[in-house]
Amino acid sequence: MGNSSSRGRSKPGQGHGSKVAPSSSAGEQSQQKTFKWSIDGFSSLLDKDAGWTYSRVFEAMGHNWYLKLNPRDKKSSGSKEYVSLRLELANSSVKSDTVVDASFKLLIYDQSFGKHSEHEVSHSFQTASTSTGTSCMISLGKLKKQSSKFLLNNCCVFGVEFIKVTTLKANTTSETLFVQKTSIFNEAKTYTWDIDDFFALKNPGYSPEFEVGGYKWHIIMYPSRDGNHLSLYLKLKKTNDLPSDTANLVELTLSIKDQETGKHRKGTGRCQFAKNARTWGWSKFMSLEDFKNSANGYLVKTKCCVVAEVAIVGSSKME
């Protein structure tokens, strides 16, 4: 949930007399490694509806955190109840460009014999993952067992002990894609490339230049790729007015016409064209055997026909 300190303060304990271990100056507080959370009147907390109870936000190792407790947690199968504890990074310490790698121990304290229940965790806290997964520390029955001393005078003590916390720059690149509504301004344009002599085509062969959406394009055909396939691509002619952090979402269909029956061979996709990705298509568009088979109508004597339907339907920006 990773909420800010205001949320943490709105749910301090919810049991009778939840207490937080005191700390001294702010400088010492930021470097402290252990936080203890005492819940007095634990039986009253058990009487309440199931769910999570939050500590106040505390500062440790240079970040703001809070603990969450569910004393009546259940595993996916079964009805047995467990006492679960989570650590969360508070929103005030969550930054989109950083990752907080933390190693720590979640603890339930044995208040008489020091036989604490410990669960060691390593977690990368970031925007999409502000909380550790649920830790079913011990069963509620074991916590309430008189010999364990986890529950003493109707008081339980929970805590976290930090081992190491490292803050790193997030190694993340993000993209926002905006898809436009279909309109007369971005409807598909069709370009037909008539090839008179397929066997005279270079490998690769380029169609004449054509324009769609203010950009220049070519169809590229490889008459023989891997020895037994025909390849077909759409290529954006080099342009200097397209910023390196932007791209155009292009809806494209490349077809080789069946000149006998009209059953054309088609490839369709929505691809992003950018300065570093100016060519999209199919390396194995069809086998040369199928293409050259006169019964299929793709190659009539030496002639074939390739059609490109192209529409710019969106744009994206990299951050």
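Predicted, not measured: the structure shown is a model, and the values here were computed from it.

Asks: Give me the lowdown on the side chain of N248, citing residues and values where you can.
Replies: Its location among the elements puts N248 in strand 17 (residues 246–256). Its relative accessible area of 12% is what places N248 among the buried residues. For N248, the side chain forms a polar contact with the side chain of Y215, separated by 3.4 Å. When sequence neighbours within four positions are dropped, the list of residues in contact with N248 reads Y215, L242, C271, Q272, F273, I312, G314 and S315.

Asks: I'd like a description of the packing of aromatic side chains, backed by residues and values.
Replies: Tallied over the entire structure, the rule returns 13 aromatic pairs. Ring centres of W65 and F162 lie 5.0 Å apart, and the angle between their planes is 45°; on these two criteria the pair is classed as tilted. Here the residue W65 occupies a position in strand 5 (residues 63–74), and F162 occupies one in strand 10 (residues 155–169), the gap between them amounting to 97 residues. The exposure class of W65 is buried, given its relative accessible area of 0%. Ring centres of Y191 and F210 lie 4.3 Å apart, and the angle between their planes is 5°; this geometry places the pair in the stacked category. With Y191 in strand 12 (residues 189–195) and F210 in strand 14 (residues 210–212), the pair connects residues that are 19 residues apart, well separated along the chain. Comparing Y191 with F210 shows no difference in burial state: the two are buried. Here the aromatic residues W65, F104, F125 and F162 are joined through ring pairs into a cluster of three or more. The ring centre of Y109 lies 4.6 Å from the NZ or CZ of K36, which sits over that ring. Positioned over the ring face of W52 is K68, at 5.0 Å from the centre of the ring.

Asks: Tell me what's going on with the pattern of salt bridges, and back it up with residues and numbers.
Replies: Opposite charge on two side chains lets them pair, provided their charged atoms get close. A full pass over the atoms with the stated rule returns 10 salt bridges. Between K105 and E118 there is a salt bridge whose closest N-O contact spans 3.6 Å. Taken together, the positions of K105 in strand 7 (residues 98–108) and E118 in strand 8 (residues 117–125) put the pair 13 residues apart, joining distant regions of the chain. With a closest N to O distance of 3.8 Å, D290 and R265 form a salt bridge. Taken together, the residues span a long stretch of sequence, with D290 in helix 5 (residues 288–292) and R265 in strand 18 (residues 265–273) at a distance of 25 residues. D290 sits in the partly exposed class, given a relative accessible area of 30%. Overall, R265 belongs to the partly exposed group, its relative accessible area being 27%.

Procedures and definitions
Positions within a chain are numbered from 1, following the residues in the order the chain's sequence is written. Local features in this predicted model are restricted to residues of pLDDT 70 or higher, and side-chain atom pairs are both shown and tallied only at a pLDDT of 80 or more, whereas totals for entire chains, interfaces and linings draw on every residue. To get the side-chain values, take all heavy atoms of the structure and skip hydrogens and water. Here a helix means four or more residues in a row that DSSP labels H or I, a strand means two or more in a row labelled E, and each is numbered from the N terminus. The buried label applies to any residue whose accessible area, calculated with a 1.4 Å probe on protein chains only, is under 20% of its type's maximum; exposed applies above 50%, and partly exposed to all values in between. Contacts described as polar in this section are N or O atom pairs within 3.5 Å, which, within protein, must combine one atom able to donate a hydrogen with one able to accept it, while residues neighboring in sequence count only if both atoms come from side chains. Throughout, a residue-residue contact means that at least one pair of heavy atoms, one from each residue, lies within 4.5 Å. For Phe, Tyr and Trp, rings pair up if their centres lie within 6.5 Å, where Trp contributes its six-membered ring, and each pair is then called stacked (planes under 30 degrees apart), edge-to-face (over 60) or tilted (otherwise). A ring is considered to have a charge above it if a Lys NZ or an Arg CZ atom is located within 6 Å of its centre and within 35 degrees of its normal. Note on definitions: salt bridges are taken to be side-chain nitrogens of Lys or Arg within 4 Å of carboxyl oxygens of Asp or Glu.

Any functional reading would require information that these geometric values do not contain.
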